[in-house]
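Here are the chains, one letter per residue:
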Amino acid sequence: DKAPLSKSLLLVPSAISILLTLLFQHYQKFFAYNVQAIKDDFQIWRLVCGRTICLDLKDTFCSSLLIYNFRIFERRYGSRKFSSFLLGAWMLSALFDLLLVEITQYIFGTTINSLPSGFLGPVFALFVPFYSSIPRVQVAQVLGHFSITNKTLVYILGLQLLTSGSYIWILALSGLVSGICYNSSILKVHRILCVPSWVAKIFSWTLEPIFSSAEPTNEVRVGMGATVDIQRQQRMELLDRQIMMSQVAQMRRQRQQQGGMINWNRLFPPLRHRHNANYQDHRPSEQDTPPPTEVSEEQVARLMEMGFSRGDALEALRASNNDLNVATNFLLQH
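Since the structure is predicted, the reported quantities are computational estimates derived from the model, not experimental observations.

### Overview of the UniProt feature "transmembrane region" (unreviewed entry) in the protein chain
Move 1: Taken from the UniProt record, the annotation "transmembrane region" (unreviewed entry) applies to residues 6–24, 85–108, 114–132 and 153–177.
Move 2: Helix makes up 100% of residues 85–108 and strand 0%, whereas the separation of the span's terminal C-alpha atoms amounts to 33 Å.
Move 3: Strand forms 0% of residues 153–177 and helix 80%; the C-alpha atoms that close the span are 22 Å apart.

The following block contains the structure:
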């Protein structure tokens, strides 16, 4: 939803790559990224064909997954700005590809005739805004030292794509350099290499209705902020809340698998039934009642963000001695 360009880049090149691999193998030579033919025979058209369609299905799969994850930039910046970034990164990475081939031949004496084909330069260039503008949220921790974040899977896909070919490191390096150059506020590349407004309007009239998707009905709607920073903060707050809920559910499943080592009903009276008649008749005296535990307002706010009422959050935190995890499990099971 709200990412028609990402959807077109996900479907069209993948479909063509599968057709070339399975049915039209004799046409694959026209989509080979032959650097030697570009330099010696001036076959400039290979820069377009060879740098758009992948001939290796592993590269097609990894690049498609990365484009799917990077669709957040089209939703955040709009299709025109996102397409301008891809166009600028594609043109700059083509130049850096040829330069790196010449540098490699000059330094190491290695002649590179061809490079892996596909839309790989702009895909690697998208790692630059992904690293700099997407917040890092910890999801889990392995062996107590290694953190698993919301960005780990994307980096693993990038490493998988990087190790799929012998000279793909040239495409990765040129893509990263082109992404840095395009994002640089000093070079002002984004003002030169951009999609004109009239071209964006033509594609919005012709291709956007084809690749547009309906808004999912099961998605939780978030209020739209007035600025990009506010919208980003709203999305990250929603993501943090979902991650926190998943962690709580995981802890609950772990305790259930341990055979019910903690009997919540024995430790605490159920909150929903704490005002019954027996409880009111046998209310402890004021002298036997211990002084109330001070409760952190920050922890109360976090429990209220999960949907619990303030009164229940206060009772659970007092009963658990301000332990947020214990209080959350207590509220979920009562």
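Now that the structure has been shown, the text picks up again.
### Looking at the side chain of D59
Move 1: Mapped onto the secondary structure, D59 falls in helix α4 (residues 57–69).
Move 2: Side chain to side chain, D59 and S164 meet in a polar contact 2.7 Å long.
Move 3: Aside from chain neighbours lying at most four places away, what touches D59 is C54, P116, L161 and S164.

### Some points on the pattern of salt bridges
Move 1: Enumeration according to the criterion identifies three salt bridges in this entry.
Move 2: Across the salt bridge formed by K39 and E102, the nearest N and O atoms sit 2.7 Å from each other. A residue pair is termed long-range when its members are at least 10 positions apart, and K39 in helix α2 (residues 35–40) and E102 in helix α6 (residues 79–108) qualify at 63 residues.
Move 3: Of the residues examined, E102 reaches a relative accessible area of 38% and is grouped as partly exposed.
Move 4: Across the pair E297 and R310 runs a salt bridge, and its minimum N-O distance is 3.1 Å. Within this pair, whereas E297 is found in helix α17 (residues 297–305), its partner R310 is found in helix α18 (residues 310–319), the two being separated by 13 residues in sequence.

### A word on the nonpolar core
Move 1: Formed by 42 residues in total, the largest nonpolar core has its most connected members in L66, F70 and L115.
Move 2: Ranked by the residues each element gives to this core, the list is headed by α6, at nine residues.
Move 3: In contact with F70, other than residues within four places in its own chain, are F82, V123, L126, F127, F130 and V154.
Move 4: Counting twelve residues, the second largest nonpolar core, distinct from the first, contains F308, L314, L317 and L331.

### Section: empty space enclosed by the protein
It is the rolling of a water-molecule-sized probe over the atoms that shows where space remains empty.
Move 1: Enumeration according to the criterion identifies one cavity of 30 Å³ or more in this entry.
Move 2: Looking at the largest cavity, its volume works out to about 80 Å³.
Move 3: Every residue lining the largest cavity is listed: L9, P13, S14, T52, C54, T60, S63, S64, I67 and F119.
Move 4: For the lining of the largest cavity, the secondary structure elements donating two or more residues are α1 (4–22) and α4.
Move 5: The dominant element in the lining of the largest cavity, judged by the number of residues it contributes, is α4, at four residues.
Move 6: For the lining of the largest cavity, the class distribution of residues is five nonpolar, five polar and no charged.

### Some thoughts on unusual backbone geometry
Move 1: Within the chain, F42 stands out as a residue other than glycine whose phi angle is a positive 55 degrees.
Move 2: Topologically, F42 is positioned in the loop between α2 and α3 (45–49).
Move 3: Given a relative accessible area of 65%, F42 falls into the exposed group.

How each quantity is defined
Residues numbered from 1 in each chain as written. Predicted model: local features only at pLDDT ≥ 70, side-chain atom pairs only at ≥ 80, totals over all residues. Heavy atoms only, no water. UniProt positions renumbered as here; feature names shortened; annotations may be inferred. Helix = DSSP H or I, 4+ residues; strand = E, 2+ residues; numbered from the N terminus. Polar contact = N/O pair within 3.5 Å; in protein donor to acceptor, adjacent residues only side chain to side chain. Contact = heavy atoms within 4.5 Å. Salt bridge = Lys/Arg side-chain N within 4 Å of Asp/Glu carboxyl O. Buried < 20%, exposed > 50% of the residue type's maximum accessible area, 1.4 Å probe, protein only. Core = buried A, V, L, I, M, F, W, Y, C linked by side-chain atoms within 4.5 Å. 1 Å grid on protein atoms, 1.4 Å probe; cavity = no way out; pocket = protein on both sides within 12 Å on 5 of 7 lines; lining within 4 Å. Points joined across faces, edges and corners; volume = space filled by probe spheres on them. Nonpolar A, V, L, I, M, F, W, Y, C, P; charged D, E, K, R; others polar.

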